[in-house]
Amino acid sequence: MLATTPVHGLRYVVVPTRSWLHRFRCCSSSLAPLSPFESSGGNKTQKKVNDENSNGSNEKTAPYYPKRGQTVELVCESLGFKGKGICKVDGTGFVVMCDRALPGERFLGRITRRKGSYAEVTKIKTISPHKDLVEAPCEYASYCGGCKTQNLSYEAQLRAKEEQVHELIRHVGRFSDNNPGLEIVLKPIVACDIQFNYRNKMEFSFGPQRWLPIEMLHEKEDGPKNFALGLHAPGFFDKVLNVDKCLLQSEPGNLVLAAVQDCWRDPELSLSPYNCRSHVGFLKHLMLRTGRNVETGSQELMVNFVTSSYKPELLKPLVDRISSIPQVVSIMNNVNSSVGNTSVGEKEYTLYGKDTITEVLRGLTFQISANSFFQTNTYQAEVLYKLIEESAGLKGDGSEVVLDLFCGTGTIGLTLARRAKHIYGYEVVPQAITDAHKNAQINGIENATFIQGDLNKIGEDFGNNFPKPDIVISDPNRPGMHMKLIKFLLKLKSPRIIYVSCNPATCARDLDYLCHGVEEKNLKGCYKLMSVQPVDMFPHTPHIECVCLLELA
């Protein structure tokens, strides 16, 4: 296992707000997705560019708009949407976004696209490296889209993530520094003590041809040696970067990956990778899930082969090989015969061992099947759920009702059930609801009700089949909450809302609506923002989780 740097609750101070960041608020009845620039916290107007270019004088300079294909010198100021660097054209103040640019880096970039008040560039050459440069331990870090910031020190990663969340709350959420106590509301980010080997789930794809960067094209081979098993090259659905080891997944997972890589290309096995363009081939995905044996605490692994048809005889040599690895307790085969490249099959078969593995979270046992949802970083999920429990502030006397929106497999609600009167969970995915009921049964929890339904399509009668909750927990996916749900919550007026978010941009937008209202919809905000706690769930990636507490004003 790679040596990790213990952080032990390390906290960092936010740098001052960037002067060019203009206040933004998304106003749409359908809650249209924020653009990449808006999701990074900025919507800088051309007037601001002119003001910066004038250097304080009253004389207005001509607006600066670079042309497509133009080469410009840039300075990266921070990280934004999907880990893209937010940069300025040197000497102008014009903002561009660049993949793999890191704070403090000065470089040359070529304009590839211009959209309104910002542009996107491709990095050509680094003039001076970023100030927190470290050597990335992964050999694929320069090409794989999974860990874009491995060459940025972990302390700098935390600063960038914390800054992004705080600025989005200020500018998209309209919580200005003039608000009393804002510095107390915006909490320092909670670090992850384990920065490698933390993922309990990885999905690798098979492909008929390895993707190679330009400087490695001379290594291209023909035939099965050119087959790929790895991760999709950034921006390509049909190109696979061959990966022999991933530093984010568990060590047993890497043992399985190495075993499969060692033999699947053997012509005698007659195994063909699926071609997502011609729709020909057998092997689609290799999914690896790591859990824990409840009795011994040791790791146990589920291997799931996703194939285009059911041919167990073809998989038998691979099954025989990897079943000899002690941690492998389950080998599954999901059959996806459609042309789509999803890892969820219409049929599922058990090739070896059992059909589920287990994991323990906040003292509860959860069964995990090949396609069920579970928090990807179990270690940090313990930290996240503890923060949620603290924010909920349950009395513990069994008198309070909790409404768990976007409940998934019920993990959050079930961890609170023993201190609550009743949990009501809502989720759109039927299989997740089935798993939630199963998890409640496994843990002997009888005061939890899980209901399948689309929270983006609720009607006026939503809420009639459960009592008014004392606490609402909302954990939406990246697009955030629909306006119908915002309207319901403002009408419900539950004393406390815990908003758990994996997208700080839409989180800030929804907090704005709940606290300040929606003028266009004649909705008045009725909540006060008490705390925003960023949590780093996935080191070396741009992803950020937030736990936000709102109380009825």
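Look above for the structure.
Remarks on the overall build of the chain
Here is step 1: When helices and strands are counted, the chain shows 11 helices and 21 strands.
Here is step 2: Counting across all 553 residues of the chain, residues that qualify as buried make up 55%.
Here is step 3: A separation of at least 24 residues holds for 66% of the contacts in the chain among residues at least 6 apart in sequence.
Here is step 4: Split by element, the accessible area of the chain, about 24,000 Å² in all, is 51% carbon and sulfur.

Looking at the sheet that holds strand 12 (residues 347-353)
Here is step 1: Judged by pairing direction, the sheet is mixed, and its seven strands sit side by side in the order 8-7-6-9-10-11-12 without closing on themselves. Each edge of the sheet is formed by a strand with only one pairing partner; in this case those strands are strand 8 (240-242) and strand 12. Averaged over all adjacent pairs, the angle separating strand axes in this sheet is 30°, with direction ignored.
Here is step 2: Together, strand 9 (283-292), strand 10 (299-307), strand 11 (328-335) and strand 12 form the strand contacts of helix 6 (residues 312-322), whose direction differs from that of strand 10 by roughly 160°.

Considering the pattern of salt bridges
Here is step 1: Counted by the stated rule, this structure contains 18 salt bridges.
Here is step 2: The closest approach of N and O atoms between E77 and K88, which form a salt bridge, is 3.9 Å. With E77 in strand 1 (residues 71-79) and K88 in strand 2 (residues 85-89), the pair connects residues that are 11 residues apart, well separated along the chain.
Here is step 3: A relative accessible area of 33% places E77 in the partly exposed class.
Here is step 4: The shortest N-O distance in the salt bridge between E551 and R496 comes to 3.9 Å.

Observations regarding the side chain of D435
Here is step 1: Within the element layout of this structure, D435 appears in helix 9 (residues 430-442).
Here is step 2: Although D435 is buried, it forms no salt bridge, and the closest oppositely charged side chain is K438 at an N-O distance of 4.3 Å.
Here is step 3: Setting aside its immediate chain neighbours within four residues, D435 contacts S369, S372 and T409.

Quick word on the nonpolar core
Here is step 1: By size, the foremost hydrophobic cluster in this structure holds 81 residues, and its most contacted members are F204, L286 and V303.
Here is step 2: Broken down by element, the residue count for this core peaks at six residues, all from helix 7 (residues 378-392).
Here is step 3: In this structure, Y426, V472, I486 and V532 belong to the second largest nonpolar core, which totals 46 residues.

Overview of helix 10 (residues 483-492)
Here is step 1: Of all 10 residues that make up helix 10, seven are buried, and the element is covered over most of its length.
Here is step 2: Those residues of helix 10 that are buried lie in contact with strand 15 (401-405), strand 18 (471-474), strand 19 (496-501), helix 11 (504-516) and strand 20 (527-535).

Digging into unusual backbone geometry
Here is step 1: Backbone geometry at R174 places phi at a positive 60°, although glycine is not the residue there.
Here is step 2: Examined against the element boundaries, R174 turns out to sit in the loop between helix 3 (154-171) and helix 4 (182-185).
Here is step 3: A relative accessible area of 30% means that R174 is categorised as partly exposed.
Here is step 4: Even without a glycine there, the phi angle at N197 is positive, about 60°.
Here is step 5: With respect to the helices, strands and loops of the structure, N197 is situated in the loop between helix 4 and strand 6 (201-207).

Re the pairing of strand 10
Here is step 1: Burial within strand 10 is extensive, with eight of its nine residues counted as buried.
Here is step 2: Pairing of strand 9 with strand 10 involves nine bridges; the strand directions are antiparallel. From the neighbouring strand, T290 faces strand 10, where its bridge partner is L301.
Here is step 3: Between the end of strand 9 and the start of strand 10, which pair antiparallel, lie six residues, with G297 showing a positive phi angle near 80°.
Here is step 4: Crossover connection from strand 10 via helix 6 to parallel strand 11: handedness right-handed.

Quick notes on the sheet that holds strand 4 (residues 106-115)
Here is step 1: On the basis of which strands lie adjacent, the closed barrel formed by five strands has the order 1-2-3-5-4 and mixed pairing. Sheet twist, expressed as the mean angle between neighbouring strand axes with direction ignored, is 50°.
Here is step 2: Where strand 3 (residues 95-98) lies against strand 5 (residues 118-128), four bridges are found, and the strand directions are parallel. Pairing of C98 across the sheet is with V121, part of strand 5.

Analysis parameters
Residues numbered from 1 in each chain as written. Predicted model: local features only at pLDDT ≥ 70, side-chain atom pairs only at ≥ 80, totals over all residues. Heavy atoms only, no water. Helix = DSSP H or I, 4+ residues; strand = E, 2+ residues; numbered from the N terminus. Buried < 20%, exposed > 50% of the residue type's maximum accessible area, 1.4 Å probe, protein only. Contact = heavy atoms within 4.5 Å. Areas by Shrake-Rupley, 256 points an atom, 1.4 Å probe, with all protein chains shown as cover. Pairing = 2+ DSSP bridges. Axes fitted to C-alpha atoms, helices over the stretch in contact; angles between N-to-C directions. Salt bridge = Lys/Arg side-chain N within 4 Å of Asp/Glu carboxyl O. Lys, Arg positive; Asp, Glu negative; His and termini not counted. Core = buried A, V, L, I, M, F, W, Y, C linked by side-chain atoms within 4.5 Å. Right-handed = clockwise from strand over helix to strand, strands pointing away.

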